[in-house]
Amino acid sequence: MSRTFRLTVACPDRVGIVAKVSNFLANYNASITEANHHSDLATGWFFMRHEIWADSMPLELETLRAAFAPIASEYEMQWRITDSKEPKRVLLMASKESHCLADLLHRWHSGELECAIPAVISNHDELRSMVEWHGIPFHHVPVTAGDKSEAFARVAELVAQYQADTIVLARYMQILPPELCEQYENRVINIHHSFLPSFAGAKPYHQAYQRGVKLIGATCHYVTSELDAGPIIEQDIERISHRDSIADMVRMGKDCEKTALAKGLRYHLEDRVLVHDNKTVVFS
């Protein structure tokens, strides 16, 4: 892939934003390979994502950021410019279920996900051999029910040690402490079945089967201190019927989880997700 710079912007909507940014890029002979805009009429906010062919510009990343800063200040922008040649460092966390972790490792191994995976953390040891087969360090950090502070202190150390940009909870069945959620705001991604809040707790597919649901699915979202209430990135669904057994529902639910998580992570890695007021704009 050609090296690109990705400019993302969120700001109060007003006339002239697109023209100002376009003129700025044109002055540096920048070639825009992808452009996305969205005006949210309900909130009065504007969102933008431009992908720029890096070789078409005479500026390196830090110089480009410095040159763009006055425009960002003028329009009160929340913005960033990233470089596609600098892949994000994604630390994966899992428990006993392997389907989401195995899927992400396969996609990374085959080059479908452009990122670095420096390590995997788990509160169980069952998935060690699969992770280490991929040449990735595996850290078993048991979580004690009575006092989880020691375990999460160790998790925080590992996240810092590996300089993680993003944390993915690939069916990690523990609740992260609020301070970790806040420190990595909009950089912790989770996946769960879409029965919540109707069928919370143990065996949600059994509960759904008893109620005769017709749709199952999965939700990929950013993690906040409020459980399963963070900004939604991606969702997937599957229609079912009375002919499907509980085992069928579990199998199809896992497929939905894998698909939604992989898509959501890819959108995040490519800087396609902009968050505003616990809601996302996803330029997919």
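Let's shift gears to the sheet that holds strand β1 (residues 4-12). The strand order across the open sheet built from four strands is β2-β3-β1-β4, with neighbouring strands paired in antiparallel fashion. The open sheet has two edge strands with one neighbour each: β2 (31-40) and β4 (78-83). Within this sheet the neighbouring strands show an average axis-to-axis angle of 10°, counted without direction. Pairing between β1 and strand β3 (residues 45-53): nine bridges, direction antiparallel. Pairing of Cys 11 across the sheet is with Phe 46, part of β3.

Attention now goes to the packing of aromatic side chains. Within the structure shown, the criterion is met by three aromatic pairs. Judged by centre distance (5.2 Å) and plane angle (65°), the rings of Phe 24 and Tyr 28 are edge-to-face. Every member of this aromatic cluster is reached through a ring pair, and the members are Phe 24, Tyr 28, Phe 68 and Trp 79.

Further remarks concern the nonpolar core. With 31 residues, the main nonpolar core has Leu 92, Leu 101, Leu 104, Val 168, Ile 189 and Leu 261 as its most contacted residues. Elements supplying a minimum of two residues to this core: β5 (90-94), α3 (99-109), β9 (188-193), β10 (215-222) and α8 (246-269). Ranked by residues supplied to this core, first place goes to α8 with seven residues. Contact partners of Leu 92, with chain neighbours within four places excluded, come to Leu 101, Leu 104, Leu 105, Ile 117, Ala 119, Val 120, Ile 121 and Val 168. Formed by 23 residues, the second largest nonpolar core is a distinct cluster that contains Ile 17, Ala 30, Ile 52 and Met 57.

Moving on, we get to the environment of Lys 258. By the element assignment, Lys 258 lies in helix α8. Among the residues examined, Lys 258 registers a relative accessible area of 25% and is labelled partly exposed. With 231 residues separating them in the primary sequence, Lys 258 and Asn 27 have C-alpha atoms 43 Å apart.

Taken together, the seven strands give an open sheet; going across it, the order is β7-β6-β5-β8-β9-β10-β11, and neighbouring strands pair in mixed fashion. Lying at the two open borders of the sheet, with one neighbouring strand each, are β7 (138-140) and β11 (232-239). Sheet twist, expressed as the average angle between the axes of neighbouring strands with direction ignored, equals 15°. Note: β9 against β10, five bridges, orientation antiparallel. By the bridge assignment for β10, Asn 190 is matched with His 221. Most of the contacts of α8 go to β11, to which it runs at about 155°, and overall it touches β5, β8 (166-169), β9, β10 and β11.

What counts as what
Residues numbered from 1 in each chain as written. Predicted model: local features only at pLDDT ≥ 70, side-chain atom pairs only at ≥ 80, totals over all residues. Heavy atoms only, no water. Pairing = 2+ DSSP bridges. Helix = DSSP H or I, 4+ residues; strand = E, 2+ residues; numbered from the N terminus. Axes fitted to C-alpha atoms, helices over the stretch in contact; angles between N-to-C directions. Phe/Tyr/Trp six-rings, centres within 6.5 Å; stacked < 30°, edge-to-face > 60°. Core = buried A, V, L, I, M, F, W, Y, C linked by side-chain atoms within 4.5 Å. Buried < 20%, exposed > 50% of the residue type's maximum accessible area, 1.4 Å probe, protein only. Contact = heavy atoms within 4.5 Å.

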